[in-house]
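Spelled out, the chains give:
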Amino acid sequence: MKIAVCVKQIPDPAEEGSLDDATKTLKREGKLILDDSDAYGVEMALQLADSAGGEVVLVSMAPNGETNGLRTALAMGAESAILVSDPALQGTDALGTAKVLAAALKTASPDLILTATESTDGYTGTVPEQIAELLEWPSVTFAKSITIDGDKVKVERQTEVGYDEVECPTPCVVSVTAGVVEPRYPSFKGIMAAKSKPLEEKTIADLGIDASQIGWEGARQEIVDVAEVPAREAGEVITDEGDAHEKIVDFLKEMKVV
Amino acid sequence: MPPNTQDTDLLDIDDILSEEEILLRDSVRGFVEDKILPNIASWYEAGRFELDLVKDLANLGIFGMTLDGYGGGGARARAYGIALRELEAGDSGLRSFVSVQSSLTMNGIYMFGSEEQKNEWLPKMASGDALGCFGLTEPDAGSNPAAMKTNAVQKGGDWEINGVKTWITNGSISDVALVWAQTEETNSTGGIRGFLVPTDSKGFSATDISEKASMRASITSEISLNGVLVPDEFRLPEATGLKAALSCLSEARFGICFGAVGAARSCLETAIDYSQTREVFAKPLAALALTQDKLVNMATLYSNAGLVAMHLAALKESGKATPAHISYGKRNNVAAAREIAREARSVLGANGISLAYPPIRHMANLESVYTYEGTHEIHTLVLGQKLTGHSAF
């Protein structure tokens, strides 16, 4: 079984990001790292490939040829990677991203595509289903576990109250909920092996994509305004004079928590 | 917002690392941040070493990382140093565990063992399926190991070993102990020989030293060998004389040069972070000149120690590192880390004595590191001899 995992390389969330004044989008200069939320999909794919046999291929896009995050996922154990890198990708919106990824995924001919539910820098959460629609494949969202059973996958799909058991024929697209597996830390041997793993770079022309469909020109989504997150209000300090527990209970009742 | 490494290291030393070394650094650092830091204070307080960590460390590929073959990773010295540096930013006990498993025991077997011994022990030690310890120090023989009383006497084809070893990291959890003992063998380098003693051998026992105020998240044992019989095939054939044991120590000391820098980073980052959020006289502690003086002194010691470690790695990789070079690094870097830990503790004021913050833990740990693997004083004598030609031992 060939499992493709869509991964995104994003600015390190541990460092303070800044927005481009003109485009109101996140500046993506400098080193990019593997989005943490994608590490779960990579781990799940590696576990599936270990148990069911098969290989894991990564698919990513970036305007500037960045490979750092892909190297991390290759060091975790994926066999190869496809990076769509083209200056024309700058400003591509969610649907444009899905078009590019779907085209790149087609070239890999996977049996199963895993994605995160959303990226940590964009948070649109729409790309997985858009990819499925573009490929005309079924999709399952919010997987907490996946097992391969012949020509179908059995998915435990997380819901607010528990989980649904869903079966879906392959090929299909499954988005993986963050935190459901423990992503492995790249080992020293994995890191050294990643150096020589195939990482194929493609342009949009290689994929036969019309430049007008992507980038700023193709974006149908526009960020019209951005605002600072309001500062958190200071909490109330309750000094214990023997009745602190009552005050806390009253407060919780007022909040309708208890 | 806590400072990133670039802010803490005034010389941006990690800028010279390769892409792979940075990936390794980030992988080990991520492991420490996720698995060690949230738990280490409670493990430390409880005096517990978490055995579940063994598999995690093996999966990172750290055991036998520099060995060629036998499950080793074939890493260069600097990469191994970086891994140990990041582990000790978690806790010196964690780094000590790896130093004993990897630098002392696996390396000892790799350098001095027979092909059979290497095949028997190294792959399963690399995968964490077997643990090892290193028995050199005795209750009455520390800095002068040549005075060891543990002895091995040939009885037919076997060796009978008797003696006591103490301050043995990993002693009670090990599957094999590399025990150094006096024999009646004679050659120019003396009669000390190394034996691979399975810890389930009759007459072998290990008792943990529990009343410790340092290295509490690490297992330290006393080992008794009462008429332990091992076949001659368990003797390390290439280890003739004390020099063999000392060359294992050189490997471990190299790792300590890097490890100490990790402990120092943890303390320095904590001090900077704390000084920016703690207010005194209506301004951040960090805005006081006295605090800045402390922080700059700490940061200078830290970056200098980092440079020493990198230089030692370069010497080691080019085959030029001498025991005196390693003594310089161990002596300088541990003393620097110890000083940084103490100063960080003072920046944190009363909170500095709480295990909720790392400096007091590192400070207590570094007292052990200051003394083990060649005391600070012994390394001073090594360097004194190097400069003057006079041995003051």
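Counting starts from 1 at the beginning of each chain's written sequence and moves along it residue by residue. As they are written, the chains are lettered A onward and the ligands numbered 1 onward, keeping that order. Thresholds applied to this predicted model are a pLDDT of at least 70 for local features of residues and 80 or more for the giving and counting of side-chain atom pairs; totals over whole chains, interfaces and linings are not thresholded and use all residues. Hydrogens and waters are ignored; side-chain quantities use all the structure's heavy atoms.

Asks: Just to check I follow, could you spell out the overall build of chain B for this structure?
Replies: Along chain B, the regular secondary structure elements total 12 helices and 10 strands. Throughout, the radius of gyration refers to the C-alpha atoms, and the reference size of a globule is 2.2 Å times the residue count to the power 0.38. Computed over C-alpha atoms, the radius of gyration of chain B comes to 21 Å, within 12% of the 21 Å expected from 2.2 N^0.38 for 393 residues, which places it in the range of a compact globule. In terms of principal-axis extent, the alpha carbons of chain B reach across some 80 × 45 × 40 Å. Only protein chains enter the accessibility calculation, which uses a 1.4 Å probe; a residue whose area is less than 20% of its type maximum is buried, one above 50% is exposed, and one in between is partly exposed. A total of 393 residues make up chain B; the buried ones form 55% of that total. Note on definitions: a residue-residue contact is assigned when non-hydrogen atoms from the two residues lie within 4.5 Å. Within chain B, residue pairs in contact and separated by at least 24 positions form 74% of the contacts whose partners lie at least 6 positions apart. Each accessible area is a Shrake-Rupley estimate made with a 1.4 Å probe; only the visible protein chains count as cover when residues are assessed. Only carbon and sulfur atoms are counted for the fraction: they give 52% of the accessible area of chain B, which is about 16,000 Å². Each charge class in chain B was averaged separately, 34 positive and 48 negative side chains, and the resulting centres sit 5 Å apart. Labels follow the DSSP assignment, with helices taken as runs of H or I lasting at least four residues and strands as runs of E lasting at least two, numbered in each case from the N terminus. We count Lys and Arg on the positive side and Asp and Glu on the negative side, and we leave His and both chain ends out. By convention, the charge on Lys lies at NZ, on Arg at CZ, on Asp at CG and on Glu at CD.

Asks: I'm lost on helix H6 (residues 92–112) of chain B in this one. Help?
Replies: Along an α-helix, a turn takes 3.6 residues, which lines up residues three or four apart on a common side. The seven residues ending at a residue and the seven starting there each receive a fitted axis; the angle between those axes is the bend at that residue. Of all bends in H6 of chain B, the biggest is about 35°, found at Ser 99 of chain B. Under this definition, polar contacts are N or O atom pairs within 3.5 Å; protein pairs additionally need one hydrogen-donor-capable and one acceptor-capable atom, and for neighbouring residues in sequence, both atoms have to be side-chain atoms. By the N-cap criterion, in which a side-chain oxygen at the helix start approaches the backbone nitrogen of a residue two or three places on, H6 of chain B is capped by Asp 91 of chain B, the distance to Gly 93 of chain B being 2.9 Å.

Asks: Is there a simple way to explain the side chain of Glu 373 of chain B in this structure?
Replies: All names here are of chain B. Position of Glu 373 among the secondary structure elements: in the loop between helix H11 (359–371) and helix H12 (376–388). The charged side chain of Glu 373 is buried without a salt bridge, its nearest counter-charge being Arg 253 at 4.2 Å. In contact with Glu 373, other than residues within four places in its own chain, are Leu 104, Leu 249, Ala 252, Arg 253, Ile 256, Lys 330 and His 379. Any Lys or Arg side-chain nitrogen located within 4 Å of an Asp or Glu carboxyl oxygen qualifies as a salt bridge.

Asks: Mind showing me how you'd approach the sheet that holds strand S1 (residues 2–6) of chain A here?
Replies: The strands making up a sheet associate through hydrogen bonds between their backbones, and the pairing can be parallel or antiparallel. Residues and elements named next belong to chain A. By the convention used here, strands pair only if DSSP detects at least 2 bridges between them. With mixed pairing, nine strands are arranged side by side in an open sheet as S9-S8-S7-S10-S6-S1-S4-S5-S11. The sheet terminates laterally at strand S9 (163–169) and strand S11 (199–202), the two strands that pair on one side only. Between one strand and the next, the sheet's axes are offset by a mean angle of 30°, whatever the strand orientation. Relative to strand S8 (residues 152–158), strand S7 (residues 139–149) runs antiparallel, the two sharing six bridges. The residue of S8 that forms the bridge with Ile 146 is Val 155. For helices, the axis comes from a line fit to the C-alpha atoms of the stretch in contact; other axes are also lines fit to C-alpha atoms, and the angle between any two N-to-C directions lies between 0 and 180 degrees. Where helix H3 (residues 94–108) meets the sheet, it contacts S1, strand S4 (55–62), strand S5 (80–85), strand S6 (112–116) and S11, and its direction lies at approximately 145° from that of S4.

Asks: Sorry if this is basic, but what is going on with the nonpolar core here?
Replies: Grouped burial of nonpolar side chains is what soluble globular proteins tend to show. Counting 114 residues, the largest nonpolar core has Leu 58, Leu 114 and Ile 146 of chain A together with Ile 62, Leu 87 and Trp 180 of chain B as the members making the most contacts within it. Beyond its immediate sequence surroundings of up to four residues, Ile 146 of chain A is in contact with Met 44, Leu 48, Leu 114, Val 153, Lys 154, Val 155, Val 174 and Val 176 of chain A. Nonpolar cores are built from buried Ala, Val, Leu, Ile, Met, Phe, Trp, Tyr and Cys residues. Side-chain atoms within 4.5 Å join them into one set. With 42 residues, the next largest nonpolar core counts Val 261, Cys 267, Ala 337 and Leu 366 of chain B among its residues.

Asks: Could you clarify how one ought to interpret unusual backbone geometry in this entry?
Replies: Peptide bonds are, in most cases, trans, and in most cases residues other than glycine have a negative phi. The step from Thr 170 of chain A to Pro 171 of chain A runs through a cis peptide bond, and the omega angle for that step is 0°. With respect to the helices, strands and loops of the structure, Pro 171 of chain A is situated in the loop between S9 and strand S10 (172–176). A positive phi angle, near 60°, is found at Lys 256 of chain A, a position not held by glycine. Of note, Ala 282 of chain B is a non-glycine position whose phi angle comes to about 65°, a positive value. Mapping Ala 282 of chain B onto the fold places it in the loop between strand S9 (279–280) and strand S10 (283–284).

Asks: Sorry if this is basic, but what is going on with the domain arrangement of chain B here?
Replies: It is common to give the size of an interface as the accessible area lost on bringing the parts into contact. Residues and elements named next belong to chain B. When cut into domains, chain B gives domain 1 (5–126), domain 2 (132–241) and domain 3 (244–388). The distance between the C-alpha centroids of domain 1 and domain 3 comes to 18 Å. Opposite the 36 residues of domain 1 that make contact, domain 3 presents 38 residues. Together, the buried faces of domain 1 and domain 3 total about 3,000 Å²; carbon and sulfur atoms form 66% of this surface. Linking domain 1 with domain 3 are three salt bridges. The salt bridge partner of Asp 91 is Arg 361, with a shortest N-O separation of 2.6 Å. Between the two partners, domain 1 and domain 3, sit 12 residue pairs in polar contact (both at pLDDT 80 or more). Under the grouping applied here, Gly and all other residues not named as nonpolar or charged are polar, the nonpolar ones being Ala, Val, Leu, Ile, Met, Phe, Trp, Tyr, Cys and Pro and the charged ones Asp, Glu, Lys and Arg. A class-by-class count of the residues in the side of domain 1 that touches domain 3 yields 15 nonpolar, 10 polar and 11 charged. Segment limits for the domains were obtained from an automatic or database-derived domain assignment. What gets called buried area is simply the loss in accessible area from a 1.4 Å probe that two parts show on being joined, summed for both.

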